[in-house]
Each structure stands twice: as structure tokens, then as C-alpha cells.
Amino acid sequence: AALRDSGVKGLTCVSNNAGVDGFGLGLLLTTRQIRKMISSYVGENKEFERQYLSGELELEFTPQGTLAERMRAGGAGIPAFFTRTGVGTIVAEGKPTQAFDGVWGDKDYVMERSIRADVSLVKAWKADPQGNLVYRKTSRNFNPVVAMCGKVTIAEVEEIVENGALDPDNVHTPGIFVQRVVLNRTPEKRIENRTVRAK
């Protein structure tokens, strides 16, 4: 919401999905602040669909695992890497390919460039004032690499604890990757829940 309210335009957004109507990235799509999306899944947002099909929005599809690795590589200072994922599909169009031999046999690989974001916005469960982050459940899938790849990482957290209160073995993102911590004790969480009928 704060990014929307800033009025910034022409954003390239990297996200596993394109948000949903009226929430998350959907807010930025409604106000036409996103120029390009780099995503692996975009099927939950009607406004995204409308803008893409009318040519108002650029889209770069990236397989989910490749997207995570592109962010991890960006955070680790690796400019590019080779993967088998996407070889021979539209995902590989216009990208360099190379054959490698060895234990995997002679196969073609596509080169993927890493992602280094100007700003990363990430949610976490807990943080300390040094920016050490702890996530809950599946947020550990993407959030650590999102935090890593940002030149400036802003973490929205539900709880801030004192320095030293977090067990170092339970820290998922070290504070060196985080420049700002924002407290939001009651964030809106739109989570799909499986619903079954009563027996």
C-alpha cells in the first residue's frame, strides 16, 4: 500500500505470482504502476489478464524453481547460471544455450540471468532490531531469496524482539541482507484454505 501511495511508475516487479485483484500487487496493477512482471504464475488476477492481453503490460514467464534460483544467484553475486529447465520452450527463446557433457550426458542448457532488485519487499514473522528474520511455514520457500536479492530490503514483520532473543539456529535471513524493518502486528493474510464438507 505504501508503494502504491508513493505514486512511483514504470515498475518491474518480480513475484512468484501477480497477486490478486485488489490486494498485494493487484493494488499496483489497478493504479497502472507496473510496467513489467517477472513471474511463474499469473492466473489469479483479472486486471493483470486484461492489461497483458491489451498490450499494456510486459510479462516474462520464468519457471518457479528458476525464478527462485535467479533471485538466490543475484543475492550471492552470481551474474548468470545454466539450467535444463525451459530448454526447447518459449522460456528459452532469445537466451543463450550451451551443451555440456559429463555425468548428466550431453545435453543443452539455457542461460538464465540472475535478478538483483533495487528494492525487495518481504514479509516475515519475527525480527530483531538488527534485521535478522524468522519466517513461518511456506513463507520460507521464496522469502529468504527475495530478501537476499535486494539492494535495499524492507521487511514487514508481525513482531520485533530484543537483540539476542532469536536463536541463531532459527534465523532464516541474516540481518546483513535487511536494511529496514517495519512492524505490522496484524497484517491481512489471504491464504487459501482447503474446505471439506462435514461427514
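Presented here is a report on the structure given in the accompanying data block. Keep in mind the model is a prediction, meaning the values are calculated, not measured.

The rules behind the values
- Residues numbered from 1 in each chain as written.
- Predicted model: local features only at pLDDT ≥ 70, side-chain atom pairs only at ≥ 80, totals over all residues.
- Heavy atoms only, no water.
- Salt bridge = Lys/Arg side-chain N within 4 Å of Asp/Glu carboxyl O.
- Helix = DSSP H or I, 4+ residues; strand = E, 2+ residues; numbered from the N terminus.
- Buried < 20%, exposed > 50% of the residue type's maximum accessible area, 1.4 Å probe, protein only.
- Polar contact = N/O pair within 3.5 Å; in protein donor to acceptor, adjacent residues only side chain to side chain.
- Contact = heavy atoms within 4.5 Å.
- Phe/Tyr/Trp six-rings, centres within 6.5 Å; stacked < 30°, edge-to-face > 60°.
- Pairing = 2+ DSSP bridges.
- Axes fitted to C-alpha atoms, helices over the stretch in contact; angles between N-to-C directions.

Pairing is possible between side chains that carry opposite charge, provided their charged atoms lie close to one another. In total, this model carries 13 salt bridges according to the counting rule given. Between Arg-35 and Glu-58 there is a salt bridge, and its shortest N-O distance comes to 3.3 Å. With Arg-35 in strand E2 (residues 34-39) and Glu-58 in strand E3 (residues 58-61), this pair connects stretches of sequence that are 23 residues apart. The class of Arg-35 is partly exposed, set by a relative accessible area of 41%. Judged by its relative accessible area of 40%, Glu-58 is partly exposed. Salt-bridge contacts for Lys-36 lead to Glu-58; the nearest nitrogen and oxygen are separated by 3.8 Å. A residue pair is termed long-range when its members are at least 10 positions apart, and Lys-36 in strand E2 and Glu-58 in strand E3 qualify at 22 residues. Within the structure, one salt-bridge network assembled from shared partners comprises Arg-35, Lys-36, Glu-58, Glu-60 and Arg-70.

The next subject is the side chain of Glu-112. Within the secondary structure, Glu-112 is located in strand E6 (residues 107-113). Glu-112 gets classed as buried once you look at its relative accessible area, which sits at 1%. Of the polar contacts made by the side chain of Glu-112, one reaches the side chain of Lys-95; its length is 3.0 Å. Apart from residues no more than four positions distant in its own chain, Glu-112 is found in contact with Thr-66, Arg-70, Ala-80, Phe-81, Thr-83, Val-91 and Lys-95.

This brings us to the packing of aromatic side chains. Considering all chains together, one arrives at three aromatic pairs under this definition. Where Phe-48 meets Tyr-52, the ring centres are 6.2 Å apart and the plane angle is 10°; that geometry is what we call stacked. Here Phe-48 and its partner Tyr-52 are both found in helix H3 (residues 46-53), four residues apart, which amounts to about one turn of the helix. According to the relative accessible area criterion, Tyr-52 is partly exposed, its value standing at 38%. Pairing Phe-100 with Tyr-109 gives two aromatic rings, centres 5.5 Å apart and planes at 85°, and the pair type is edge-to-face. By relative accessible area, Phe-100 is classed as partly exposed at 32%.

Before going further, it helps to spend a moment on the sheet that holds E6. Hydrogen bonding along the main chain pairs the strands of a sheet, whether they run parallel or antiparallel. Within the open sheet, the three strands sit side by side as E4-E6-E5. Their pairing is antiparallel. The sheet terminates laterally at strand E4 (80-83) and strand E5 (97-100), the two strands that pair on one side only. Strand-to-strand twist across the sheet, computed as the mean angle between neighbouring axes with direction ignored, equals 35°. Looking at chain direction, E4 and E6 are connected through four bridges and run antiparallel. Across the sheet, Ala-80 pairs through a bridge with Arg-113, a residue of E6. Helix-sheet contacts for helix H4 (residues 64-76) involve E4 and E6, and the interaxial angle to E4 is about 155°.

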